[in-house]
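Spelled out from the first residue to the last, the chains are:
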There are 2 protein chains.
Amino acid sequence: MSKSNINIGFIGTGVMGSAMASHILDGGYKLSVYNRTKIKASALINKGAIWKDSVAELSKDSDIVITIVGYPKDVEEVYLGENGIINNIKKGSYVVDMTTSKPSLAKKIYNAAKEKEIFALDAPVSGGDVGAAEGTLSIMIGGDREAFENLKPIFQLMGKNIVLQGSAGAGQHTKMCNQIAIASNIMGVCEALVYAKKSGLDSETVLKSIGTGGAASWQLNAYAPRILKSDYAPGFYIKHFVKDMKIALEEAAAMGLDTPALSLSKKLYDKLIEQGKEDLGTQALYELYLD
Amino acid sequence: MSKSNINIGFIGTGVMGSAMASHILDGGYKLSVYNRTKIKASALINKGAIWKDSVAELSKDSDIVITIVGYPKDVEEVYLGENGIINNIKKGSYVVDMTTSKPSLAKKIYNAAKEKEIFALDAPVSGGDVGAAEGTLSIMIGGDREAFENLKPIFQLMGKNIVLQGSAGAGQHTKMCNQIAIASNIMGVCEALVYAKKSGLDSETVLKSIGTGGAASWQLNAYAPRILKSDYAPGFYIKHFVKDMKIALEEAAAMGLDTPALSLSKKLYDKLIEQGKEDLGTQALYELYLD
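Residues numbered from 1 in each chain as written. Chains lettered and ligands numbered in written order. Predicted model: local features only at pLDDT ≥ 70, side-chain atom pairs only at ≥ 80, totals over all residues. Heavy atoms only, no water.

Overview of unusual backbone geometry
Using the following cut-off: Helical segments are the DSSP runs of H or I of at least four residues, strand segments are the runs of E of at least two, and each set is numbered from the N terminus. The classification of residues rests on relative accessible area computed with a 1.4 Å probe and restricted to protein chains. Under 20% of the type maximum is buried, over 50% is exposed, and intermediate values are partly exposed.
Non-glycine residue glutamate 117 of chain A carries a positive phi angle of around 60°. Inspection of the secondary structure puts glutamate 117 of chain A in the loop between helix 6 (103–115) and strand 6 (119–122). Overall, the relative accessible area of 47% leaves glutamate 117 of chain A in the partly exposed class. A positive phi angle is found at serine 230 of chain B, which is not glycine, with a value near 50°. By relative accessible area, which is 52% here, serine 230 of chain B ends up exposed.

Looking at the state of the cysteines
Here is the rule we go by: Pairs of cysteine sulfur atoms within 2.5 Å are identified as disulfides in what follows.
One pass over the structure, following the stated rule, counts zero disulfides over all chains. A disulfide-free cysteine, cysteine 177 of chain B has its sulfur positioned 13 Å from the sulfur of cysteine 190 of chain A, the nearest such atom.

Re the packing of aromatic side chains
To keep things clear, this is the line we draw: In summary, the pairing rule links any two rings of Phe, Tyr or Trp, Trp by its six-membered ring, whose centres are within 6.5 Å, and it sorts them by plane angle into stacked for under 30 degrees, edge-to-face for over 60 and tilted for everything else.
Tallied over the full model, the rule gives ten aromatic pairs over all chains. Seen from their ring centres, phenylalanine 241 of chain A and tyrosine 269 of chain A are 5.2 Å apart, and the 85° between their planes marks the pair as edge-to-face. Of this pair, phenylalanine 241 of chain A sits in helix 12 (residues 238–254) while tyrosine 269 of chain A sits in helix 13 (residues 260–274), and the two are 28 residues apart along the sequence. Relative to tryptophan 51 of chain B, the ring of tyrosine 34 of chain B has its centre 5.7 Å away and its plane inclined at 35°; by these criteria the two rings are tilted. Note that tyrosine 34 of chain B is positioned in strand 2 (residues 30–34) and tryptophan 51 of chain B in strand 3 (residues 50–51), a separation of 17 residues in sequence. When sorted by exposure, tyrosine 34 of chain B lands in the same class as tryptophan 51 of chain B, which is buried.

Observations regarding the domain arrangement of chain A
All names here are of chain A. The following threshold applies: Domain start and stop points were drawn from an automatic or database domain assignment. When two parts are brought into contact, each loses some accessible area as probed by a 1.4 Å sphere; the total of that loss over both is the buried area. Any carboxyl oxygen of Asp or Glu within 4 Å of a side-chain nitrogen of Lys or Arg constitutes a salt bridge here. In the analysis that follows, any N or O atom pair within 3.5 Å is treated as a polar contact, provided that within protein one partner can donate a hydrogen and the other can accept it, and provided that, for residues neighboring in sequence, both atoms belong to side chains. By the convention adopted, Pro, Cys, Tyr, Trp, Phe, Met, Ile, Leu, Val and Ala count as nonpolar, Lys, Arg, Asp and Glu as charged, and the other residues, Gly among them, as polar.
Domain parsing of chain A yields domain 1 (3–167) and domain 2 (174–289). Between domain 1 and domain 2, the C-alpha centre-to-centre distance is 29 Å. Three residues stand out in domain 1 for area buried against domain 2, namely Tyr71, Thr100 and Met140, and they jointly supply 43% of the buried area on that side. There are zero salt bridges connecting domain 1 and domain 2. Across the contact surface, domain 1 and domain 2 share five residue pairs in polar contact (both at pLDDT 80 or more). Residue assignment for the side of domain 1 that touches domain 2 shows that the elements contributing at least two residues are helix 6 and strand 7 (125–126). Looking at the side of domain 1 that touches domain 2 residue by residue, the classes come out as six nonpolar, seven polar and two charged.

Observations regarding the pairing of strand 8 (residues 137–142) of chain A
All names here are of chain A. This is how it is decided: When DSSP finds two or more bridges between a pair of strands, those strands are recorded as paired. Orienting the strands away from the viewer, one traces the path from the first strand over the helix to the second; a clockwise path indicates a right-handed crossover.
In terms of residue burial, strand 8 counts as a mostly covered element, since six of its six residues are buried. What you see with strand 8 is no split at all: Leu137, Ile139 and Ile141 on one side and Ser138, Met140 and Gly142 on the other are buried throughout. Of the pairings in the sheet, the one linking strand 8 to strand 9 (residues 159–166) comprises six bridges and is parallel in character. If you follow isoleucine 139 over to strand 9, its bridge partner there is isoleucine 162. In terms of handedness, the path from strand 8 via helix 8 (residues 145–158) over to strand 9 forms a crossover that is right-handed.

Concerning the relation of the copies chain A and chain B
Formally: The copies were overlaid by least squares, fitting only the C-alpha atoms of residues that reach a pLDDT of 70 or more in each copy.
Taken as rigid bodies, chain A and chain B are interconverted by a rotation of 180° and an axial shift of 0.0 Å, the fit giving an RMSD of 0.0 Å. Overall, the copies show the geometry of a two-fold rotation axis. Residue serine 217 of chain A, judged by its C-alpha, is the member of chain A lying nearest the rotation axis, at 1.9 Å.

Considering helix 9 (residues 203–210) of chain B
Since there are 3.6 residues in each turn of an α-helix, residues three or four apart along the chain are aligned in direction. Definition in use: The contact criterion used is simple: two residues touch if any of their non-hydrogen atoms lie within 4.5 Å.
The buried fraction of helix 9 of chain B amounts to six of the eight residues, a majority that puts the element mostly inside the structure. The complete set of buried residues in helix 9 of chain B reads Ser203, Thr205, Val206, Leu207, Ser209 and Ile210 of chain B. Its buried side turned inward, helix 9 of chain B meets strand 8, strand 9 and helix 9 (170–198) of chain A together with helix 8 (170–198) and helix 10 (218–228) of chain B.

Description of the interface of chain A and chain B
Facing the 57 residues of chain A at the interface are 56 residues of chain B. Regarding the contact of chain A and chain B, the summed buried area is about 4,400 Å², with carbon and sulfur atoms giving 65% of it. Between the two partners, chain A and chain B, sit zero salt bridges. Applying the counting rule to chain A against chain B returns 22 residue pairs in polar contact (both at pLDDT 80 or more). Those elements that provide at least two residues to the side of chain A that touches chain B are strand 8, strand 9, helix 9, helix 10 (203–210), helix 11 (218–228), helix 12 and helix 13 of chain A. The element best represented in the side of chain A that touches chain B is helix 9 of chain A, accounting for 19 residues. Residue composition of the side of chain A that touches chain B, grouped by class: 32 nonpolar, 19 polar and six charged.

Concerning the nonpolar core
What counts here: In these notes, a set of buried Ala, Val, Leu, Ile, Met, Phe, Trp, Tyr and Cys residues joined through side-chain atoms within 4.5 Å is what counts as a nonpolar core.
With 92 residues, the main nonpolar core has Tyr269 and Leu285 of chain A together with Tyr269 and Leu285 of chain B as its most contacted residues. Beyond its immediate sequence surroundings of up to four residues, leucine 285 of chain B is in contact with Ile186, Met187, Cys190, Leu268, Tyr269 and Leu272 of chain B.

Remarks on helix 13 of chain A
Here is the rule we go by: Here, expected helix span is obtained from the residue count minus one, scaled by 1.5 Å.
The first and last C-alpha atoms of helix 13 of chain A sit 21 Å apart over 15 residues, in line with the 21 Å expected at 1.5 Å per residue. Contacts made by the buried residues of helix 13 of chain A are with helix 9, helix 12 and helix 14 (285–290) of chain A together with helix 8, helix 12 (260–274) and helix 13 (285–290) of chain B. One or two residues past the end of helix 13 of chain A sits glycine 276 of chain A, with phi positive at roughly 75°.

Section: the UniProt feature "active site" (unreviewed entry) in chain A
Residue and element names in this part refer to chain A. Under the convention used in this document: UniProt positions are given in the numbering used here, feature names are shortened, and annotations may be inferred rather than shown by experiment.
Within the UniProt annotation, "active site" (unreviewed entry) is assigned to Lys175. Tracing the chain through its elements places lysine 175 in helix 9. Apart from the residues within four sequence positions on either side, lysine 175 is in contact with Thr100, Pro124, Val125 and Met140.

In structure tokens form, the structure reads like this:
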């Protein structure tokens, strides 16, 4: 089957989704789109994507549906709701949730899909808006190997580091590992920078010493320069990070696992949310230390 | 003055010091050494270094004295004790403490040295045993610019990233920033890996996804592979890391700065010390999460 005969439906055309869907169009596939707020899909529509008025309508006409929406409750509704994907997509189709969401929900979707002979993958991503724009995302996938292999050419349009992590839910669990590491790293970045400031050092010069070697990290190198310019524009929204940490903490608790640094990070970010800063970038944690 | 006429005295020939002193010998300088345990200096002596029986004797004959010893109390004794460096070294000489030690002590040594017309620098390092062996350390320096410039050729034998951070104590403060960032990072690495294990993921495969991108860090890339092999041999001793965190916490408290992630990390490592694990590497923090 030629690419132009494969109908891909894409649900969720926010900053990440729009960039990812755009790469699929560039790849030569036929693309339909749906989003709660239509205006956010207009760039894709102008580029040749077909607008669909509902999840159900989009699902009926698609061989593959890809979703990247907000929160687990949105994922649940889009997939398992009365007018959701699973109730409307045809047998033999593929569904791929790229939202960062609950591993348990990914398994539930996989099972509901399987009952109807639909192939489901969970495939959350890392790499942020820049990675989405450049098609260099890290994509962490859970589900059956055959489905993974069949969709690989499509993943390769969106990302560079594409890894099947295991059965359904394994993509989401891997994304939790990623977020758990970040949750601690960003605290270290902020504490190091606020110490530098309070001890009278020149923070830019400090970065020259600590930006390589044992303290080096993606978080330090990406965010410290922004923090020093008081640039708190979101590369990654605080509200989304808190959602991810909440999932990770619930999953860890269910495994009987204590993660005190993750708990602390969640607690600090909760304070930022109380201060109305949920739409700032995660680097705004620094401000909490200045209070 | 030719290099072979400059007498450099080196105190503290542990793993780090021996490698660093060896580069100075290779650089063509005349090197004297002293260490509490003479046997640890034997490789250097075999290579041409001259053994001195005491700090005082070494200091009397040196134009430059470099130290890298264990704890702040050792630094204080070696510099400011009755038979220490400052009481014995000649006017116009240079002293460089490369131990990770207290910023306040660095200032005290600088002032005591200045009174006797001796030039003092604090110059702690980052990069571990590998960086010392390869001469690629990051060296963070506090003190007067002129002294820094005069000793730069010697620093360049030991390190690659050599930065004057400010006046006396600034090298130590910068090292504290480095350790503060690490204190959080290593918790994130361990929590991510233990989550991977408990959730049934293949940890090696998880590293393929999270080892690049937002969760990437020197700590993750250096220590996760060792943790997965249960290799807890010290690249950096827990006992030394706890010493560093203790200094950082004391300094932060003195500035009225709250660093909850650093406090948490210190608390977790204190538990490892209670378990008798002070001579393991810092990556052994992972074991605490398995308890």
